[in-house]
Amino acid sequence: MAARKARAPRPIDAALQRLLALAGRGVAPARMAREVDMIIAEWRLLAEADEKFDLAASLETLREQLDAGVGAAEEQVADVDASEPAAVKQANAMLSALVATRDAALAA
């Protein structure tokens, strides 16, 4: 039996994975915002080439997912033990990166 060819992930899933990987590595907020801009530029090209790709729906989904991510990160920052400065710093850095991605997506 022949193996099935792996399907490419949906553009929204690929974008979210890409952004999450960068945020997890501690990338600066400005770099995260540029990454969102690059993703949206790629989506605009995709929308021109593939009439099935719904740019507006993808942007809305991206915005919703990023907004939910910021909310979850805010809760995690609130739960971090203040007696552990490294953990507080890491949590705040992640939150700042996610806020930058959300704001860039909203501005697009």
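One can find the structure itself at the top, above this paragraph.
Notes on the structure follow.

**Considering the overall build of the chain**
The helix and strand tally for the chain stands at 4 helices and 0 strands. Counting helices and strands in the order they occur from the N terminus, the chain gives α-α-α-α. With respect to the principal axes defined by its C-alpha atoms, the chain has extents near 55 × 40 × 20 Å. Residues counted as buried form 29% of the 108 residues belonging to the chain.

**Observations concerning helix α1 (residues 11-24)**
The end-to-end C-alpha separation of α1 is 20 Å, in line with the 20 Å expected for 14 residues at 1.5 Å each. Buried residues belonging to α1 abut α2 (29-49), α3 (55-79) and α4 (85-107). One or two residues past the end of α1 sits G26, with phi positive at roughly 80 degrees.

**Thoughts on the side chain of T101**
Considering the arrangement of structural elements, one finds T101 in helix α4. With a relative accessible area of 0%, T101 lands in the buried category. With near-sequence residues (within four places) excluded, T101 lies in contact with L19, M32, V36 and L66.

**Considerations on the nonpolar core**
In terms of nonpolar packing, the biggest core is built from 24 residues, with L19, M32, V36, W43 and L62 touching the most fellow members. Contributions of two or more residues to this core are made by α1, α2, α3 and α4. When residues no more than four places from it in sequence are discounted, the contact partners of V36 are L19, T101, A104 and A105.

Conventions adopted
- Residues numbered from 1 in each chain as written.
- Predicted model: local features only at pLDDT ≥ 70, side-chain atom pairs only at ≥ 80, totals over all residues.
- Heavy atoms only, no water.
- Helix = DSSP H or I, 4+ residues; strand = E, 2+ residues; numbered from the N terminus.
- Buried < 20%, exposed > 50% of the residue type's maximum accessible area, 1.4 Å probe, protein only.
- Expected span 1.5 Å × (residues − 1).
- Contact = heavy atoms within 4.5 Å.
- Core = buried A, V, L, I, M, F, W, Y, C linked by side-chain atoms within 4.5 Å.

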